[in-house]
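Commentary on secondary and tertiary structure
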Amino acid sequence: MLLTGKKIGFALTGSFCTFEKTIPQISRLIEEGAEVLPIMSFNAYNIDSKFGPAQDFIDEIENITGKKIIHTIEDAEPIGPKKMTDIMVIAPCSRKHNTEKWQME
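Since the structure is predicted, the reported quantities are computational estimates derived from the model, not experimental observations.

Each aromatic ring pair is described using two quantities: the centre-to-centre distance and the angle formed by the ring planes. Here the structure, examined in full by the defined rule, presents two aromatic pairs. Seen from their ring centres, phenylalanine 16 and phenylalanine 19 are 5.6 Å apart, and the 70° between their planes marks the pair as edge-to-face. Take phenylalanine 16: its relative accessible area is 14%, and that puts it in the buried class. With a centroid separation of 4.8 Å and 90° between ring planes, the pair formed by phenylalanine 19 and phenylalanine 57 is classed as edge-to-face.

To continue, consider the nonpolar core. Formed by 19 residues in total, the largest nonpolar core has its most connected members in Phe10, Leu12, Phe19, Leu29, Met40 and Ile61. Counting residues per element, the ones that place at least two in this core are β1 (7-12), α1 (19-31), β2 (35-40), α2 (42-46) and α3 (54-65). Discounting chain neighbours no more than four positions away, the residues touching leucine 29 are Leu3, Ile8, Phe10, Ala34 and Val36. Of all hydrophobic cores here, the second largest spans five residues; its members include Ala11, Leu37, Ile70 and Ile79.

Criteria and cut-off values
- Residues numbered from 1 in each chain as written.
- Predicted model: local features only at pLDDT ≥ 70, side-chain atom pairs only at ≥ 80, totals over all residues.
- Heavy atoms only, no water.
- Phe/Tyr/Trp six-rings, centres within 6.5 Å; stacked < 30°, edge-to-face > 60°.
- Buried < 20%, exposed > 50% of the residue type's maximum accessible area, 1.4 Å probe, protein only.
- Core = buried A, V, L, I, M, F, W, Y, C linked by side-chain atoms within 4.5 Å.
- Helix = DSSP H or I, 4+ residues; strand = E, 2+ residues; numbered from the N terminus.
- Contact = heavy atoms within 4.5 Å.

See below:
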């Protein structure tokens with residue numbers, strides 16, 4: 001298995017429209033042997049959207065990983081100092097596209 005023994009922090013942000021495609025990737029990582037630490041942003045954890053109630057996503061992720069979701073800053077603070085992960089996935093991780101051209105003066 002490609003990811004056997006790897007600890008992956010998988011953080012979901014509030015782009016709810018991506019959850020349908022993103023959450024199954026957690027299962028794929030586990031199937032490859034990874035241990036997944038689920039993390040959700042405040043909005044992803046708390047907001048019900050037209051894509052579904054937050055609790056449904058929470059239940060699905062906790063069922064897949066067998067772990068409680070980290071969803072507060074206080075609970076997330078030890079991740080780095082305690083080296084709780086080898087890899088972090090932020091999903092989705094997008095940026096605003098800027099069409100302006102910057103010029104050096």
